[in-house]
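Understanding the architecture of this molecule
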Amino acid sequence: MTYCLAIRVKQGIVFAADTRSNAGVDYVTSYRKLHTFPTADDRVIVLLSAGSLATSQAVRNWIRRDLEAKDGRDNLNSARYLFEVAEYVGRINRSVQEEHREELDRSSISGEASLILGGQINGDAPEIFLIYPQGNFIEASEDTPYLQSGENKYGKPILDRLITTDMDLELATRVAIISLDATISSNVTVAAPIDLAVYESDSLRTPRSARLDSSDPYFQRIRDQWQETIVAGLRDLPPFGWDSAETTPLKNG
């Protein structure tokens, strides 16, 4: 399992993903799940993956093969709109799964992978899409300007409480880190290092990227200070008074 996240604010997009991959408790490895591609100068495209590692690696290989082909086939550069790129990647994802479905079903192994695609094509606003294993997808909205894939439930409450489209891009980066940290703290199948990529709206430049491992001083500081902030906030809450007129005793029965 893994946890991938993309946050879209007016200033740009934050992408984040852990790197843990496991095939049982006795086989745990690390793989990069956040990828950029050498596209044309008028676009920037980032892909995050969760689910079957074999499927997601095959999807990326097919994408790279199509980019290098000279026969006019569809690729990341041929689409005019980013949703068309999402449709293209969704078709590849579905095709890879169908190619191995019979063998996977026979072995009772899931080959499903979900993907988050984001970026910008010149002339349009930055966008992010969650692509399902079936090939269809959804787009982030003004009300919910983030998308998650993988083990998402532990990091979601932080996003729901904090993220708005008007948030500063750097502040959104900090929210992404603590959302990943909350998931790491609660689920052993998600772990550092964390990969980050930050894209600035309308720049059409390769996103700035960073990797934070568990011993990184900044990551440790963020984790410690966030924990201290939560504890301090709890202590500052008004005490629950049993004699308060606002409390109502439970009735028997």
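Everything in this summary refers to the structure shown in the same document. (Residues numbered from 1 in each chain as written. Predicted model: local features only at pLDDT ≥ 70, side-chain atom pairs only at ≥ 80, totals over all residues. Heavy atoms only, no water.)

**A short note on the sheet that holds strand β2 (residues 12–17)**
Note the following rule: Two strands pair if DSSP finds at least two bridges between them. Put simply, DSSP marks the helices as runs of H or I at least four residues long and the strands as runs of E at least two long, and each gets a number from the N terminus on. Axes, fitted as lines to C-alpha atoms, cover a helix only where it is in contact. Angles between the N-to-C directions of the axes lie from 0 to 180 degrees. Whether two residues are in contact is decided by their heavy atoms: any pair within 4.5 Å suffices.
Spatial strand order, β10-β1-β2-β11-β12: five strands in an open sheet with antiparallel pairing. Edge positions in the sheet fall to β10 (146–150) and β12 (208–212), since each of these pairs with one other strand and no more. Within this sheet the neighbouring strands show an average axis-to-axis angle of 10°, counted without direction. Here six bridges tie β2 to strand β11 (residues 194–200), and the two strands are oriented antiparallel to one another. Within the sheet, the bridge partner assigned to Ile-13 lies in β11 and is Tyr-199. Sitting on the sheet, helix α4 (residues 169–186) is in contact with β1 (3–9), β2, β11 and β12, with an inclination near 160° to β1.

**Some thoughts on helix α5 (residues 217–236)**
For the record, the criterion: By definition here, a helix of n residues has an expected span of 1.5 Å times n minus one. Any pair of nitrogen or oxygen atoms within 3.5 Å is treated as a polar contact; in protein, a donor-acceptor pairing is required on top of that, and neighbouring residues in sequence qualify only through side-chain atoms on both sides.
End to end, α5 covers 28 Å across 20 residues, agreeing with the expected 28 Å (1.5 Å per residue, within 8%). Capping the start of α5, Asp-216 holds a side-chain oxygen 2.9 Å from the backbone nitrogen of Tyr-218, two or three residues further along.

**Digging into the side chain of Ser-52**
Along the polypeptide, Ser-52 turns up in the loop between β6 (43–51) and α1 (53–68). In this structure the side chain of Ser-52 is engaged in a polar contact, spanning 3.2 Å, whose partner is the backbone nitrogen of Thr-55. Apart from the residues lying within four places of it in its own chain, the contact partners of Ser-52 are Ser-110, Gly-111, Glu-112 and Ala-113.

**Points about the pattern of salt bridges**
Defined as follows: The term salt bridge refers to a pairing of a side-chain nitrogen on Lys or Arg with a carboxyl oxygen on Asp or Glu at a separation within 4 Å. Burial classes follow relative accessibility: with a 1.4 Å probe on protein chains only, a residue under 20% of its type's maximum area counts as buried, one over 50% as exposed, and anything between as partly exposed.
For the structure shown, the criterion picks out 19 salt bridges. Of the charged contacts in the structure, one is a salt bridge between Arg-8 and Glu-139, with a shortest N-O distance of 3.9 Å. Of the two residues, Arg-8 sits in strand β1 while Glu-139 sits in strand β9 (residues 137–139), which places them 131 residues apart along the sequence. For Arg-8, a relative accessible area of 12% puts it in the buried group. Between Arg-211 and Asp-195 there is a salt bridge; the shortest N-O distance is 2.7 Å. Here Arg-211 is found in strand β12, whereas its partner Asp-195 is found in strand β11, with 16 residues between them in sequence.

**With respect to unusual backbone geometry**
A cis amide bond links Ala-192 with the next residue in sequence, Pro-193, at an omega value of 5°. On the secondary structure map, Pro-193 appears in the loop between α4 and β11. Of note, the phi angle at Ser-108 is positive, near 55°, even though the residue is not glycine. Here Ser-108 falls in the exposed class, since its relative accessible area comes to 69%.

**Points about the packing of aromatic side chains**
Rule in force here: Two aromatic rings from Phe, Tyr or Trp, using only the six-membered ring of Trp, form a pair when their centres are within 6.5 Å; if the ring planes differ by under 30 degrees the pair is stacked, by over 60 it is edge-to-face, and anything between is tilted. Lysine and arginine charges are scored as sitting over a ring when NZ or CZ, respectively, is within 6 Å of the ring centre and within 35 degrees of the ring normal.
Across all of its chains, the model carries two aromatic pairs by this definition. For the ring pair Tyr-81 and Phe-83, a centre distance of 5.7 Å and an interplane angle of 20° mean the geometry is stacked. On the basis of relative accessible area, Tyr-81 is assigned to the partly exposed category, the value being 36%. Where Phe-129 meets Phe-137, the ring centres are 5.5 Å apart and the plane angle is 90°; that geometry is what we call edge-to-face. With a relative accessible area of 25%, Phe-137 lands in the partly exposed category. The aromatic ring of Trp-62 is capped on one face by Arg-65, whose charged end is 5.1 Å from the ring centroid.

**Here we look at the sheet that holds strand β7 (residues 113–121)**
Taken in spatial order, the five strands of this open sheet run β5-β6-β7-β8-β9, and their pairing is antiparallel. What marks the edges here is a single partner per strand, and that holds for β5 (34–36) and β9. Averaged over all pairs of adjacent strands, the angle between strand axes in this sheet comes to 20°, irrespective of strand direction. Where strand β8 (residues 127–131) lies against β9, three bridges are found, and the strand directions are antiparallel. By the bridge assignment for β9, Leu-130 is matched with Ile-138. The sheet strands contacting α1 are β5, β6 and β7, and the helix crosses β6 at an angle near 160°. The strands touched by helix α2 (residues 82–106) within the sheet are β6, β7, β8 and β9, with β7 carrying the most contacts at an inclination of about 155°.

**Some words on α1**
Along an α-helix, residues three or four apart share an orientation, since each turn contains 3.6 residues. For α1, spanning 16 residues, the distance from its first C-alpha to its last is 23 Å, which sits close to the expected 22 Å at 1.5 Å a residue. Along α1, the positions that sit buried rather than exposed are Thr-55, Ser-56, Ala-58, Val-59, Arg-60, Ile-63, Asp-66 and Leu-67. On its buried face, α1 sits against β5, β6, α2 and β7.

Structural measurements only, silent on function.
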